[in-house]
Amino acid sequence: MSVMLDGKEGMEYMVMGNEAIVRGALEAGLKVASGYPGTPSSEIIERLSDVAKDAGIYVEWSVNEKVAAEVAAAASFAQLRSLASMKQVGVNVASDFLLHLAITGTRGGMVLVTCEDPAAHSSSNEGDSRGYARMMEFPLLEPGDFQEAKDMTKWAFEFSEEIGNLVMVRSVTRLSHASGNVKFGPLPRTEAQAEYRFSGAFLDPVAGPMISTGFGHRIQQEKLKKVREIFEDSPFNTYQGPDEPELLIITCSVGNLYCKEAIKALGIEDRVGLLKMGTTWPLPPNLIKKYLLMTDEILIIEEILPFLEDNVKVLAAEMVQEIGAKKFYGKHAGQIPSFGELSADLVIQSLADLLDLGYETVAQEYTDKASAAAFARAPQRELTFCPGCPHRASFWAIHNALELDGRQGFVCGDIGCYSLAALPTGFSTAKTGHAMGSGAGVASGFAKLRQFGMDQPVLAVCGDSTFFHAAIPALVNAVHHQADFTLIVLDNSGTAMTGFQSHPGLNINAMKDEVPALDIPAICQAMGARVEVRDPFDLEETQKTLNELMEYTEGTKVLVLKQACALSPEKKRVKSYNMQINEENCIGQDCGCNRLCTRIFRCPGLIWDEVKKVARIDEVICAGCGVCADICPAGAIVREEA
Amino acid sequence: MENGKLSKDPYNLIITGVGGQGNVLASRILGNMMVRQGCHVTIGETFGATQRGGSVMSNLRISEISAWSPQIPKGQADMIVALEPTEAIRLLGKYGHPEIKVLTNTRAIHSVGVIAGELKYPSLNEIKEPLQELTGEVWLVDATEEAMKLGNPILSNTIMLGALAGTGVIPMQRDHFKEVMSETMGQDRLEINLKAYDLGAELIKH
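Keep in mind it's a predicted model, so treat the numbers as computed, not measured.

Q: Summarise the overall build of chain A; cite the residues concerned and give the values.
A: A count of helices and strands for chain A gives 21 helices and 24 strands. For a compact globule of 642 residues, the expected C-alpha radius of gyration is about 26 Å, and chain A comes in at 28 Å, within 12% of that figure. C-alpha atoms of chain A, sized along the principal axes, occupy 80 × 75 × 60 Å. Taking all 642 residues of chain A together, the buried fraction comes to 60%. In chain A, of all internal contacts separated by at least 6 residues, the share reaching a separation of at least 24 is 78%. For chain A, the computed accessible surface area is about 25,400 Å², with 52% contributed by carbon and sulfur atoms.

Here it is, written out as structure tokens:
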């Protein structure tokens, strides 16, 4: 049973923001959905793929975000409603296509859902994609709560059809990955016939070919004009507060929830007005004017970039003769930070400062005491590879191979669980880290610096999903230019970081159909790279191979380290080995290793017993991969087939 | 307290633990139970990065009146349910106040810093001391040990939910637990989870 499909009209369910978006899309009669996994967006395509067959829709995990946008656009061109979903960094990847799509326009309603990560909880940056809506000139909607996430998504499809252009719906972590009550609407039962019409005139928006040209820009401007008019009366823009507030707050997205909470906490319902904008680009000028006329003091509250703030200020400048001079507070004036995410606390603080109110919920003495207790009694938890993670073994071998090589070799990293290779859990081996596939591209660049005297061995890592997403072009470039480096593909059989979404290396797709799997070593071989495949759990062979590859200087080399993720469906809670410590053999600090297993290898499945002075296996945590048995010089860690 | 009202509105509850312990699932189950009770529930949580071994937390705002923001403001948690004991202590500085209540599993999960010998993990007494001093009421249960007796350590978060029901701080109904669980898992796993839930409630009574 899936509440997404079986949830009844008129009933309230507690769902995640991402699920609210899914339900909205289903209520709109969505037919095609595509995306590339990335936190906090992944559940959108996941939930849609769960119901794909029952709902009669097509869902795929595309190889990357640009392709996802293209796949969804094709459906729209054939008059079906479609959705592409991605996280903020994915929009950068898709942007190349989206800029052209904004020019050709769309036919069936097409929605781009971006889920962004203020504070970069699970991202390598906290990029704000809203600028793309302005730059590419398509409308932007930002839901302000869970109910709106559903309702707005549903409407976005109709709206896209009305204006013939892509519509962006932007969520953030605290909406996508938060849950709340949502009242469901009806699910339509529609039959759809896909047909791409291309025989009309060249610029005919409904019957001509979809080809991006410079001429389209004028048409796009007309569409934007229409969008502004529609937004003037949008029910997604709401106002709460007195007719003549001392201070007007303008906010969007989850800022709405924090502002409501802050106003209540401070008891200033009669003093402050709250204008929540759901249609944030382009802003409807008359609506903004109406509220700016209410007061001269305005505080703009939003996450990451001052996007709403800047756009409101442009409108205020244009209408200054009608509305007079205004005092703006927000990111530029320093009341709201320009980085990180918002919280009710931050908004309470800003409002308390601006309105000169005191606010303290807990005595400072208590907070000081509790903070001191946390410092003394709650040891920090740094991020680590999971117990049984093949990456710990891979980086152990890589680290040791580099040490043995002794020429200051280094690893160029990229995005995935293995980004942790920059931290002690990966023995601090990764020394660069940027976008998906950038390890391979940056390494190929370093490798061409030999003529300038660079003699350090260069390694790069990428995961299996990343290999298909963005490493392939970098590898093509490297092989063609004979760049001397080794790309290590950390193949753990899934897009593990985001929850095992399928990718082209697997023989299953998003809808659980059997599909052809692409063979990574064969692809690399066909490109002309020297290719080796090893099991990273075989530490000795892996290290030996790496040392050989670092010695080999004729062109690009690929080492595929293949071992499934410890959390993969086939491995989760299945132990290959039962691990034990032979306490007589473990001589701990007296051993020459000075307890290498817990001090350096640091698998959370191993614990140091302070009393007995021996290593211990934590049976609750140990995943039974057996690798630590090969670490111990005293042979005290024993593995037994499970 | 079955069919009872919330003692405070919104009731702010935190479920905390270490990545991999099932924190997110536990918060969803509790949230869904409270929705069946007729409440508005907002849950804020962060997950998705390689949080294995990292501290994780879910904020639950339970209200009979309206929806609330997904983050509990400073000093305003009413109850902390900790799947790992030092995680409860960690949160008191930000969310605590003298009347806050804490229910915690006593089973330690050592962080890598502790495993490596760079940090020290406190003894059970060193854990109890600040919890008793800084809160209004504390319940300590060895849920992991009990879960292993039932055959699977992952049942410890169900035991913790049962224990939470046993404390009576919020109105939870066993039938709602059964309903929510039966929608997400097969009959075979439902039985053992019900047993774990009941066991948790028993642990608080004794």
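Having put the structure on the table, let's press on.
Q: Describe unusual backbone geometry, listing the residues and the values that go with them.
A: All names here are of chain A. The peptide bond linking Thr39 to Pro40 adopts the cis configuration, its omega dihedral lying at 10°. Note that Pro40 resides in the loop between β2 (32-35) and α3 (43-55). For Asn594, which is not a glycine, the phi torsion comes out positive at approximately 50°. Tracing the chain through its elements places Asn594 in the loop between β21 (577-581) and α21 (596-601). Since its relative accessible area comes to 31%, Asn594 is described here as partly exposed.

Q: Which residues make up empty space enclosed by the protein, and what are the values?
A: Unoccupied space between atoms shows up once a probe the size of one water molecule is rolled over them. Residue and element names in this part refer to chain A. Overall, the coordinates contain four cavities of 30 Å³ or more when judged by the stated rule. Put simply, the largest cavity is a space of about 140 Å³. Along the wall of the largest cavity there are 18 residues; nearest its centre are Gly388, Phe601, Cys603, Cys625 and Cys628. When grouped by side-chain class, the residues that make up the lining of the largest cavity number 13 nonpolar, four polar and one charged. Each pocket or cavity is described by its volume, and for the second largest cavity that value is around 100 Å³. For the second largest cavity, the lining is made up of 16 residues, of which Cys586, Cys593, Cys597, Cys632 and Ala636 are closest to its centre. Here the residues of the lining of the second largest cavity sort into 13 nonpolar, two polar and one charged.

Q: Now, about helix α1 (residues 23-36) of chain B: what can you tell me, with residues and values included?
A: All names here are of chain B. Spanning 14 residues, α1 covers 20 Å between terminal C-alpha atoms, matching the ideal 20 Å at 1.5 Å per step. Most of α1 is tucked away, with eleven of its 14 residues classed as buried. Among the residues making up α1, those that are buried are Asn23, Ala26, Ser27, Arg28, Ile29, Leu30, Gly31, Asn32, Met33, Met34 and Val35. At the C-terminal side of α1, Gly38 shows a positive phi close to 95°.

Q: A description of the sheet that holds strand β12 (residues 279-281) of chain A should follow, citing residues and the corresponding values.
A: All names here are of chain A. Read from one edge to the other, the open sheet built from seven strands follows the order β3-β2-β4-β5-β7-β6-β12, with strand pairing classed as mixed. Unpaired on one side and paired on the other, β3 (58-61) and β12 mark the two borders of the sheet. Seen against the sheet, helix α5 (residues 88-104) touches β4 (82-87) and β5 (110-116) and runs at an angle of roughly 140° to β4.

Q: Explain the sheet that holds strand β4 (residues 79-82) of chain B to me, and be specific about the residues and the numbers.
A: Strand order in the open sheet made by the eight strands is β1(A)-β8(A)-β2(B)-β3(B)-β1(B)-β4(B)-β5(B)-β6(B), with mixed pairing throughout. If you trace the sheet from one side to the other, it starts and ends with β1 (12-16) of chain A together with β6 (137-141) of chain B, each paired once. If you compare each strand with its neighbour and ignore which way they point, the axes differ by 20° on average. Taken together, the four bridges between β4(B) and strand β5 (residues 101-105) of chain B define a ladder with parallel strand orientation.

Q: Tell me about the pairing of strand β17 (residues 458-463) of chain A, and name the residues and values.
A: All names here are of chain A. With respect to burial, β17 is a largely interior element, six of its six residues being buried. Both faces of β17 are covered, namely the face carrying Val458, Ala460 and Cys462 and the face carrying Leu459, Val461 and Gly463. Note: strand β15 (residues 410-413) against β17, three bridges, orientation parallel. Directly across from Phe410, in β17, lies its bridge partner Val458. Looking at chain direction, β17 and strand β18 (residues 486-491) are connected through five bridges and run parallel. Its bridge partner being in β18, Cys462 is matched across the sheet by Val489.

Thresholds applied
- Residues numbered from 1 in each chain as written.
- Chains lettered and ligands numbered in written order.
- Predicted model: local features only at pLDDT ≥ 70, side-chain atom pairs only at ≥ 80, totals over all residues.
- Heavy atoms only, no water.
- Helix = DSSP H or I, 4+ residues; strand = E, 2+ residues; numbered from the N terminus.
- Rg over C-alpha atoms; globule rule 2.2 N^0.38 Å.
- Buried < 20%, exposed > 50% of the residue type's maximum accessible area, 1.4 Å probe, protein only.
- Contact = heavy atoms within 4.5 Å.
- Areas by Shrake-Rupley, 256 points an atom, 1.4 Å probe, with all protein chains shown as cover.
- 1 Å grid on protein atoms, 1.4 Å probe; cavity = no way out; pocket = protein on both sides within 12 Å on 5 of 7 lines; lining within 4 Å.
- Points joined across faces, edges and corners; volume = space filled by probe spheres on them.
- Nonpolar A, V, L, I, M, F, W, Y, C, P; charged D, E, K, R; others polar.
- Expected span 1.5 Å × (residues − 1).
- Pairing = 2+ DSSP bridges.
- Axes fitted to C-alpha atoms, helices over the stretch in contact; angles between N-to-C directions.

Just distances and angles here, no functional claims.
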